[in-house]
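Architecture at a glance
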Amino acid sequence: MSPSLEAVTFDFWNTLVVDGGGTARDDRLDAWIGILEDAGFATERSVLDKAMASSWDRFVTAWQSGEQYTRVEAAVDIVEALGYTLPAGVHEALVSSFTYSTSNYPALTDGIADCLRVLKGAGLRLGIICDVGMTPSSVLRDILEHFGVLGFFDHWSFSDEVGYYKPSALIFEHALSGLGVSAAARAAHVGDLRRTDVAGALGMGMTAVRYTGAFDDSAYDGVDTPLVVSSHLDLPAVLGIA
């Protein structure tokens, strides 16, 4: 192991867990249609799909500008786009539907469990730095627990709890402080996105590793790192761990 490395942090989506993508969207649509119909608001699927797509576009804009936009704001925007005035309790049910069922959890990325086991066995502290979209951090932790890997992590920094998105130094500082790292240069961050993961880590003085096994962000015209892996099984060696 590199004598200077104390900790490794990981992005969540497309680094630890494969993005659920269209399946999650379909499940969310089904849940909303059921909740609204039970409350007396029959809703066309295509109309709801358009309203949800618009709220996602707003999230992306907010995310790129570093402004928090969570499922709570998204639910308000979607309902307003539908033109509904909902009775008490229905809005809360819609917000709560931004989740996954245990039968339909997105999969772990290939080799991540074995990789985490090697890193942990080498004495490294492990953390998560995640930009949360519509699925709350409580559910993201449940997914990792379901697959038996949550226990590998010593600390996590989810944007809906910390209040900042990557590449803000504040969410990286939250992670490094929680992991007890003596200096940013003694930590590495692994993620798939150049704008958030690579730029954020390098801006802190951390080692940045770009993971391409689930999504390859090569087309982004911005900062990159020479440390690129397509398999998590290659990560320990890249970090200097035998």
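What comes next concerns the included structure. Within each chain, residues carry numbers counting from 1 in the order of the written sequence. Confidence filtering applies because this is a predicted model: local features only for residues at pLDDT of at least 70, side-chain atom pairs given and counted only at 80 or more, and all residues used for totals across whole chains, interfaces and linings. Excluding hydrogens and water, the side-chain values take into account all heavy atoms of the structure.

1. Considerations on the side chain of Thr43
- With respect to the helices, strands and loops of the structure, Thr43 is situated in the loop between α1 (22–38) and α2 (45–65).
- Think of it in three bands: with a 1.4 Å probe and only protein chains considered, a residue is buried below 20% of the maximum accessible area for its type, exposed above 50%, and partly exposed in between. Residue Thr43 is classed as buried on the basis of its relative accessible area of 10%.
- One polar contact links the side chain of Thr43 to the main-chain carbonyl oxygen of Phe41, over a distance of 3.0 Å.
- N or O atoms closer than or at 3.5 Å make up a polar contact, with two conditions inside protein: a donor-capable atom paired with an acceptor-capable one, and, for residues adjacent in sequence, both atoms drawn from side chains. Looking at Thr43, its side chain comes within polar contact range of the side chain of Tyr84, at 2.9 Å.
- Contact criterion: two residues are considered in contact whenever any of their non-hydrogen atoms come within 4.5 Å of each other. Every residue in contact with Thr43, bar those within four places of it in the chain, is listed here: Ile33, Leu36, Leu48, Leu82 and Tyr84. Every helix listed is a DSSP run of H or I at least four residues long, and every strand listed is a run of E at least two residues long, numbered separately from the N terminus.

2. Focus on the environment of Val132
- For Val132, the location among the structural elements is in the loop between β2 (125–130) and α6 (137–146).
- Sequence-distant contacts of Val132, that is, excluding residues within four places in its chain, are made with Phe59, Ser137, Leu140, Phe158, Ser159, Asp160 and Tyr165.

3. Focus on the pattern of salt bridges
- The working definition used for a salt bridge is a side-chain nitrogen of Lys or Arg within 4 Å of a carboxyl oxygen of Asp or Glu. Per the counting criterion, the structure on display carries 13 salt bridges.
- For Asp26, the salt bridge goes to Arg45, with nearest N and O atoms at 4.0 Å. Here the residue Asp26 occupies a position in helix α1, and Arg45 occupies one in helix α2, the gap between them amounting to 19 residues.
- Its relative accessible area of 39% is what places Asp26 among the partly exposed residues.

4. Regarding the sheet that holds strand β3 (residues 155–158)
- DSSP bridges decide pairing: two strands pair if at least two such bridges lie between them. In spatial order, the strands read β3-β2-β1-β4-β5-β6; together these six strands make up an open sheet with parallel pairing. Of all strands in the sheet, those with a lone pairing partner are β3 and β6 (228–229), marking the two edges.
- Here four bridges tie β2 to β3, and the two strands are oriented parallel to one another. Note on β3: the bridge partner recorded for Gly127 is His155.
- A fitted line through C-alpha atoms represents every axis, and for helices the fit uses only the stretch in contact; the resulting angles, taken between N-to-C directions, go from 0 to 180 degrees. Those strands touched by α6 are β2 and β3, and its axis lies near 140° from that of β3.

5. Quick word on the packing of aromatic side chains
- Only Phe, Tyr and Trp rings are paired, with Trp represented by its six-membered ring, and only when their centres lie within 6.5 Å; those with planes under 30 degrees apart are stacked, over 60 edge-to-face, the remainder tilted. Tallying each qualifying case throughout the model produces seven aromatic pairs.
- Consider the rings of Phe59 and Tyr165, whose centres lie 6.2 Å apart with planes at 85°: the pair is edge-to-face. With Phe59 in helix α2 and Tyr165 in the loop between α7 (159–162) and α8 (169–179), this pair connects stretches of sequence that are 106 residues apart. This pair shows no difference in class: Phe59 is buried, exactly as Tyr165 is.
- Grouped by ring-pair contacts, the aromatic residues Trp56, Phe59, Trp63 and Tyr165 constitute a single cluster.

6. Quick word on the pairing of strand β1 (residues 7–10)
- Where burial is concerned, the two faces of β1 agree: the one with Ala7 and Thr9 and the one with Val8 and Phe10 are both buried.
- Here β1 pairs with β2 via four bridges, running parallel. Each residue of the ladder has a partner; that of Thr9, found in β2, is Gly127.
- When β1 meets strand β4 (residues 187–191), the two strands line up parallel, connected through four bridges.

7. What to know about unusual backbone geometry
- Going from Lys166 to Pro167, the amide bond is cis rather than trans, its omega being 10°.
- Tracing the chain through its elements places Pro167 in the loop between α7 and α8.
- With a phi close to 65°, Asn14 is a non-glycine residue in the positive phi region.

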